[in-house]
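Reading the structure
What follows is each chain in one-letter form.
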Amino acid sequence: DVKVTQSSRYLVKRTGEKVFLECVQDMDHENMFWYRQDPGLGLRLIYFSYDVKMKEKGDIPEGYSVSREKKERFSLILESASTNQTSMYLCASSSGGPSGEQFFGPGTRLTVL
Amino acid sequence: QQQVKQSPQSLIVQKGGISIINCAYENTAFDYFPWYQQFPGKGPALLIAIRPDVSEKKEGRFTISFNKSAKQFSLHIMDSQPGDSATYFCAASMGTGFQKLVFGTGTRLLVSP
């Protein structure tokens, strides 16, 4: 089974803190994604990566950065957390084949106070 | 042009009834239309997908109907069961190889016993 794991299920941080969200996949997938999920807004793509050390901005990259030093690991960084970044963060991976199926982790519920 | 519009936002169906969720898109370059299912506390998972060369795809009780001329596609859940209660996301992408999905805003389905 494909497995995508995220470092924390719940996280509470203070405004201005630097926050790291970690994601690991065990299926040797080339592509990895970070989304945020908010009620009524669906899943919005923050950043994605199609290879090690490669990254591309998604639809809402402002306030975020990413790091992909190893194929299996994709990190999302909030340089200075703000209250409007309180959200559910979902990581996904895919093999990039024609089906394009993305496999999601369980999510990290981040609250910024 | 990159948006996928999904309706309704929420849906209540009696057990045994038919659940219908609709999506519409503008970008005619989209050529892959998956539906993802998300249970509480879990990440989304691929449910069923269709390409525009067919008008319908059925997998068990789940059917995608696709209307290329109207740029619309819908998910039908026949004989809906309480275990189908979840949030459903339609999505669309284009091209082969790397797949970047554009998601709809989600439909929360509740199937009452």
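The notes below deal with the structure included here. (Residues numbered from 1 in each chain as written. Chains lettered and ligands numbered in written order. Predicted model: local features only at pLDDT ≥ 70, side-chain atom pairs only at ≥ 80, totals over all residues. Heavy atoms only, no water.)

Residue and element names in this part refer to chain B. One open sheet accounts for 5 strands, arranged β1-β3-β8-β7-β6; its pairing is antiparallel. Where the open sheet ends on each side, the last strands, each with one partner, are β1 (4-7) and β6 (56-59). The average angle at which neighbouring strand axes cross in this sheet is 15°, direction not considered. Pairing of strand β7 (residues 62-67) with strand β8 (residues 72-77), which is carried by 6 bridges, proceeds in the antiparallel orientation. (Pairing = 2+ DSSP bridges. Helix = DSSP H or I, 4+ residues; strand = E, 2+ residues; numbered from the N terminus. Axes fitted to C-alpha atoms, helices over the stretch in contact; angles between N-to-C directions.)

A few words on the pairing of strand β4 (residues 33-38) of chain B. All names here are of chain B. Of all 6 residues that make up β4, 6 are buried, and the element is covered over most of its length. Across the two faces of β4 the burial is the same, with Phe33, Trp35 and Gln37 and Pro34, Tyr36 and Gln38 all buried. Remark: 6 residues form the turn of the hairpin made by β4 and strand β5 (residues 45-50), two consecutive strands paired antiparallel; glycine 41 in that turn has positive phi of roughly 80°. Across 4 bridges, the pairing between β4 and strand β9 (residues 86-92) is antiparallel. (Buried < 20%, exposed > 50% of the residue type's maximum accessible area, 1.4 Å probe, protein only.)

On to the pattern of salt bridges, then. Two side chains carrying opposite charge are able to pair once their charged atoms lie near each other. Applying the stated criterion to the full structure yields 8 salt bridges over all chains. Of the charged contacts in the structure, one is a salt bridge between glutamate 59 of chain B and lysine 57 of chain B, with a shortest N-O distance of 3.7 Å. Judged by its relative accessible area of 33%, lysine 57 of chain B is partly exposed. Among the charged side chains, a salt-bridge network with shared partners connects Arg36, Asp38 and Arg44 of chain A. (Salt bridge = Lys/Arg side-chain N within 4 Å of Asp/Glu carboxyl O.)

This part takes up the packing of aromatic side chains. The final tally for this structure, using the stated rule, is 17 aromatic pairs over all chains. Considering the side-chain rings of phenylalanine 33 of chain B and phenylalanine 66 of chain B, the 4.8 Å spacing of their centres and the 45° angle between planes classify their relative orientation as tilted. Taken together, the positions of phenylalanine 33 of chain B in strand β4 and phenylalanine 66 of chain B in strand β7 put the pair 33 residues apart, joining distant regions of the chain. For the pair shown, phenylalanine 33 of chain B and phenylalanine 66 of chain B are each scored as buried. Seen from their ring centres, tyrosine 36 of chain B and phenylalanine 103 of chain B are 5.7 Å apart, and the 65° between their planes marks the pair as edge-to-face. One end of the pair, tyrosine 36 of chain B, is in strand β4; the other, phenylalanine 103 of chain B, is in strand β10 (residues 102-103), and 67 residues separate them in sequence. Here tyrosine 36 of chain B matches phenylalanine 103 of chain B in class, with each residue buried. Clustering of aromatic rings is evident, with ring pairs tying together Phe33, Tyr35, Phe48 and Phe104 of chain A together with Tyr36, Phe89 and Phe103 of chain B. (Phe/Tyr/Trp six-rings, centres within 6.5 Å; stacked < 30°, edge-to-face > 60°.)

Here we take up the environment of phenylalanine 48 of chain A. Looking at the secondary structure, you find phenylalanine 48 of chain A in strand β5 (residues 42-49). Phenylalanine 48 of chain A sits in the buried class, given a relative accessible area of 8%.

Moving on, we come to the layout of surface pockets. Of the volumes computed, that of the largest pocket is approximately 530 Å³. Put simply, the parts of the chain that give the lining of the largest pocket at least two residues each are β4 (31-38) of chain A together with β9 and β11 (107-112) of chain B. Along the lines of polarity and charge, the residues of the lining of the largest pocket split into 8 nonpolar, 12 polar and 5 charged. Considered as a void within the structure, the second largest pocket measures approximately 340 Å³ in volume. As for the second largest pocket, its lining consists of 18 residues, and the residues nearest its centre are Arg44 of chain A together with Gln3, Val4, Val102 and Phe103 of chain B. Sorting the residues of the lining of the second largest pocket by element identifies β5 of chain A together with β1 and β10 of chain B as the ones contributing at least two each. (1 Å grid on protein atoms, 1.4 Å probe; cavity = no way out; pocket = protein on both sides within 12 Å on 5 of 7 lines; lining within 4 Å. Points joined across faces, edges and corners; volume = space filled by probe spheres on them. Nonpolar A, V, L, I, M, F, W, Y, C, P; charged D, E, K, R; others polar.)

Further remarks concern the interface of chain B and chain A. The interface is formed by 19 residues belonging to chain B together with 24 residues belonging to chain A. When the two sides are added together, the surface that chain B and chain A hide from each other amounts to roughly 1,700 Å², 56% of it contributed by carbon and sulfur. Scanning the region where chain B abuts chain A turns up 0 salt bridges. For the pair chain B and chain A, the interface holds 3 residue pairs in polar contact (both at pLDDT 80 or more). A breakdown of the residues in the side of chain B that touches chain A according to their chemical character gives 8 nonpolar, 8 polar and 3 charged. (Contact = heavy atoms within 4.5 Å. Buried area = accessible area lost by both parts, 1.4 Å probe. Polar contact = N/O pair within 3.5 Å; in protein donor to acceptor, adjacent residues only side chain to side chain.)

A few words now on a nonpolar patch on the surface. A cluster of nonpolar side chains, contributed by Ile18, Ile20 and Met78 of chain B, occupies part of the molecular surface with about 240 Å² of accessible area. With respect to the element layout, isoleucine 20 of chain B can be found in strand β3 (residues 19-25). (Patch = residues over 30% accessible without salt bridge, like charges linked within 9 Å, V, L, I, M, F, W, Y side chains within 5 Å. Areas by Shrake-Rupley, 256 points an atom, 1.4 Å probe, with all protein chains shown as cover.)

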